[in-house]
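Below are the chains, spelled out letter by letter.
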Amino acid sequence: MDLVSIRKSYRRYARHYDVIFGRVFAQGRRLALKTLAPVSGKRVLEVGVGTGISLPFYCPDAEVVGIDVSREMLEIARQRVADGMCPAVTGLAEMNAEHLAFADDSFDAVVAMYVASVVPNPDRLFAEMWRVCRPGGQILVVNHFASRQWILRSFERSLRPLSRAVGFRPDMELSDFVAVAGQQPVAIEPASLFGYWKQIQFTKPA
Ligand SMILES: C[S@@+](CC[C@H](N)C(=O)[O-])C[C@H]1O[C@@H](n2cnc3c(N)ncnc32)[C@H](O)[C@@H]1O
């Protein structure tokens, strides 16, 4: 995966993204926003915000900033905000999640939904999420990790050569992600039926 192929994939997906991935990923987004609910009134960064499909569902008194590398995905998010559907949103920006242009400790919570297996370097993504989160703040990652079931696992492996074309890595191991994150999760929960997607929650020590 590299930024050029990611931008190319999501340029292609943008217009149809909500129809294709709206429902499929809905449960994980709902879980993440429910987990973040006690953070209302605080600053939240959503990295890889895409078309902003989750933005209407943040507590209106939160201050949400969204970033993404795909201009075409962001255009749709901007339209959502312009239509008045996202009262919590205070900013959207084209930015690489692996090099965030925010100061250390800027946010009370940082969330990445279905982004960890898309970025070129999940370790850089996580390091940046951690850096911009304040001590005591929350970091949430919702993602698909390699299946435990051997049939699905073999299928996911067989898709690996297509990663660049489809725009994500289908077989990232949960243990590899936690290892590169270098931090112990405080909770790991299923974010879909059969746990195909998972939410991993970290708290940055105060
Ligand atoms: C599968 S979509 C997820 C979108 C949204 N979070 C959702 O819940 O549907 C992955 C998004 O991550 C973005 N992305 C990939 N690599 C990125 C990077 N390095 N920095 C910022 N955004 C990135 C893509 O452009 C795309 O919008």
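1. Concerning helix H4 (residues 71–82)
Here is step 1 of the chain: With 12 residues, H4 should cover 16 Å at 1.5 Å per step; its first-to-last C-alpha distance of 16 Å lies within 8% of that length.
Here is step 2 of the chain: Of all the residues in H4, the buried ones are Met 73, Leu 74, Ala 77 and Arg 80. Taken end-on, H4 shows its buried residues confined to a sector of 110 degrees, consistent with a single buried face. Among the exposed residues of H4, those pointing more than 90 degrees away from its buried face are Arg 71 and Ala 82.
Here is step 3 of the chain: The elements touched by buried residues of H4 are helix H1 (3–13), helix H2 (17–21), strand S2 (63–68) and strand S3 (89–94).
Here is step 4 of the chain: Positive phi shows up at Gly 84, right after H4, with a value of about 80 degrees.

2. Re the pattern of salt bridges
Here is step 1 of the chain: By the definition in use, this model includes eight salt bridges.
Here is step 2 of the chain: Close ionic contact of Arg 124 with Glu 128 constitutes a salt bridge, the shortest N to O distance being 3.8 Å. A residue pair is termed a helical-turn pair when its members lie 3 or 4 positions apart in one helix, as Arg 124 and Glu 128 do in helix H5 (residues 122–132) at four residues.
Here is step 3 of the chain: For Arg 124, a relative accessible area of 33% corresponds to the partly exposed category.
Here is step 4 of the chain: On the basis of relative accessible area, Glu 128 is assigned to the buried category, the value being 7%.
Here is step 5 of the chain: Here the salt bridges do not stand alone but share partners, grouping Asp 104, Arg 124, Glu 128 and Arg 131 into one network.

3. Let's talk about the site of the ligand
Here is step 1 of the chain: Near the ligand there are 23 residues, and of these Tyr 17, Arg 29, Gly 48, Asp 68 and Ala 97 occur at the shortest range.
Here is step 2 of the chain: Within the backbone of Val 69, one N or O atom sits 3.3 Å away from a nitrogen atom of the ligand.
Here is step 3 of the chain: A distance of 2.8 Å is found between a nitrogen atom of the ligand and a backbone nitrogen or oxygen belonging to Ala 97.
Here is step 4 of the chain: When the ligand is considered free in solution it has 600 Å² of accessible area, and contact with the protein chains removes 98% of it.
Here is step 5 of the chain: When atom positions are compared with the pocket grids, the ligand is found to occupy the largest cavity.
Here is step 6 of the chain: Counting residues per element, the ones that place at least two in the shell around the ligand are H1 and S2.

So, how was this worked out
Residues numbered from 1 in each chain as written. Predicted model: local features only at pLDDT ≥ 70, side-chain atom pairs only at ≥ 80, totals over all residues. Heavy atoms only, no water. Helix = DSSP H or I, 4+ residues; strand = E, 2+ residues; numbered from the N terminus. Expected span 1.5 Å × (residues − 1). Buried < 20%, exposed > 50% of the residue type's maximum accessible area, 1.4 Å probe, protein only. Arc of directions from axis to C-beta. Contact = heavy atoms within 4.5 Å. Salt bridge = Lys/Arg side-chain N within 4 Å of Asp/Glu carboxyl O. Near = heavy atom within 4 Å. Polar contact = N/O pair within 3.5 Å; in protein donor to acceptor, adjacent residues only side chain to side chain. Areas by Shrake-Rupley, 256 points an atom, 1.4 Å probe, with all protein chains shown as cover. 1 Å grid on protein atoms, 1.4 Å probe; cavity = no way out; pocket = protein on both sides within 12 Å on 5 of 7 lines; lining within 4 Å. Sits in = over half its atoms within 2 Å of the grid points.

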